[in-house]
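Per-entry structural report
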Amino acid sequence: MKRRTLIKNSVLGTVATIIATNSHAQMSTPREVEGPFYPITPQKDQDADLTQVKGKTGRARGQIIEVTGQVFDQNMNPVEDVTIDLWQANSYGKYHHPHDNSEAPIDENFQAWAIIQSGVKGRFKFKTVIPGAYPLNSSQQRTPHIHFKISKLGYDSLLTQMYFPDHPLNKKDGLFKRKSKEEQVMMTAKKLGDNNQYRYDIIIEKV
Ligand SMILES: [Fe+2]
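Residues numbered from 1 in each chain as written. Predicted model: local features only at pLDDT ≥ 70, side-chain atom pairs only at ≥ 80, totals over all residues. Heavy atoms only, no water.

Per an unreviewed UniProt entry, the recorded name for the protein is Protocatechuate 3,4-dioxygenase, and the organism is Aliikangiella coralliicola. Comment text from UniProt for the protein, heading Sequence similarities (unreviewed entry), reads "Belongs to the intradiol ring-cleavage dioxygenase family." (UniProt positions renumbered as here; feature names shortened; annotations may be inferred.)

This is the structure in structure tokens:
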């Protein structure tokens, strides 16, 4: 073979390999806006149980749920030591944030914010309550959701929101409706049985 043909073939080979590799890569978890209520008030208790606040005896109001999942890269290899920063409204639909002016009450026993790590096999788990819906304006509501900031050195950081399956407000939510069906599936937790257990996996991209 002539040298030029050899080079051409090897370039084509490389392109074919890249295409083949990418066709197996999973779509990463779709991004969503951070929203105005990322916590700004310092908080000592940021553990994986949002239904209790250290030093208080009460329990958060609302339906208690447990969310388990795994963090993967796009080749579905588990990713350990990922920082999972999550925050949400309480069961009344109120953020513990000074800029949330809604009339809904604060729940002093709700932790509202957690920063946890993925562990062995990228696994994580947290306990919380189903967040309430909250009004955006006089005609629109946000469907219940949990905000996430996911980060690890060597990976693209990811801001997203997790939704709940079959919630009637999902269909009316402006942000949720904007996503494709496939994206909606990836952003929606799966209910496991009737036990208030949910599964939510996260896929992040290597830099
Ligand atoms: Fe929100």
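Here the narrative resumes.
Turning to the nonpolar core, a few remarks are in order. Grouped burial of nonpolar side chains is what soluble globular proteins tend to show. Ile84, Leu86, Phe126, Phe148 and Ile204 are the most contacted members of the largest nonpolar core, which totals 29 residues. Put simply, the parts of the chain that give this core at least two residues each are β1 (64–73), β2 (83–87), β3 (113–117), β4 (123–129), β7 (145–151), β8 (158–163) and β11 (202–204). Those residues within four positions of phenylalanine 148 in sequence are excluded, and the remaining contacts are Ile84, Asp85, Leu86, Trp87, Phe126, Leu158, Leu159, Thr160, Met162 and Tyr200. Ranked by size, the runner-up nonpolar core spans seven residues in total, among them Trp87, Ala89, Tyr95 and Trp113. (Core = buried A, V, L, I, M, F, W, Y, C linked by side-chain atoms within 4.5 Å. Buried < 20%, exposed > 50% of the residue type's maximum accessible area, 1.4 Å probe, protein only. Helix = DSSP H or I, 4+ residues; strand = E, 2+ residues; numbered from the N terminus. Contact = heavy atoms within 4.5 Å.)

Taken together, the protein ligands of the iron ion are Tyr95 (OH), Tyr134 (OH), His145 (NE2) and His147 (NE2), with distances of 2.0 to 2.2 Å. Coordination of the iron ion draws on donor residues from a single chain, spaced Y-x38-Y-x10-H-x1-H in sequence. Assessed through its relative accessible area of 2%, histidine 145 is described here as buried. Here histidine 147 falls in the buried class, since its relative accessible area comes to 3%. (Donors = N, O, S within 2.8 Å, 3.2 Å for Na, K, Ca; no water.)

The next subject is the pairing of β8. The two faces of a sheet get side chains in turn, since along a regular strand they alternate between them. In terms of burial, β8 is largely enclosed, as five of its six residues are buried. Looking at chain direction, β7 and β8 are connected through six bridges and run antiparallel. Residue pairing across strands places lysine 149 opposite leucine 159, the latter belonging to β8. As consecutive antiparallel partners, β7 and β8 are separated by six residues, and within that stretch glycine 154 has a phi angle of approximately 95°, a positive value. (Pairing = 2+ DSSP bridges.)

Bringing the environment of methionine 187 into the picture now. Counting through the fold element by element, methionine 187 comes out in helix α3 (residues 181–187). According to the relative accessible area criterion, methionine 187 is buried, its value standing at 0%. For the pair methionine 187 and arginine 31, spaced 156 residues apart in sequence, the C-alpha to C-alpha distance is 9.0 Å. Residues contacting methionine 187, with those up to four places away along its chain left out, are Pro30, Arg31, Glu32, Thr160, Gln161, Met162, Tyr163, Lys179 and Tyr200.

Of note, methionine 76 is a non-glycine position whose phi angle comes to about 65°, a positive value. For methionine 76, the position within the fold is in the loop between β1 and β2. A positive phi angle, near 60°, is found at aspartate 166, a position not held by glycine. Mapped onto the elements of the fold, aspartate 166 is located in the loop between β8 and α2 (174–177). For aspartate 166, a relative accessible area of 76% puts it in the exposed group.

What follows is about the side chain of histidine 97. Examined against the element boundaries, histidine 97 turns out to sit in the loop between β2 and β3. Side-chain polar atoms of histidine 97 contact the backbone nitrogen of histidine 99, separated by 3.0 Å. The contacts of histidine 97, once residues within four sequence positions are left out, are Pro36, Phe37, Tyr38, Pro39 and Ile40. (Polar contact = N/O pair within 3.5 Å; in protein donor to acceptor, adjacent residues only side chain to side chain.)

For the structure on display, the rule yields nine salt bridges. For aspartate 45, the salt bridge identified is with lysine 54, shortest N-O distance 3.5 Å. Classification of aspartate 45 by relative accessible area gives buried; the value is 7%. Residues aspartate 201 and arginine 199 are paired through a salt bridge, measuring 2.8 Å at the closest nitrogen-oxygen approach. (Salt bridge = Lys/Arg side-chain N within 4 Å of Asp/Glu carboxyl O.)

Strands sit in the order β3-β2-β7-β8 across an open sheet of four strands; the sheet is antiparallel. What marks the edges here is a single partner per strand, and that holds for β3 and β8. The sheet shows a mean angle of 25° between the axes of neighbouring strands, taken without regard to direction. (Axes fitted to C-alpha atoms, helices over the stretch in contact; angles between N-to-C directions.)

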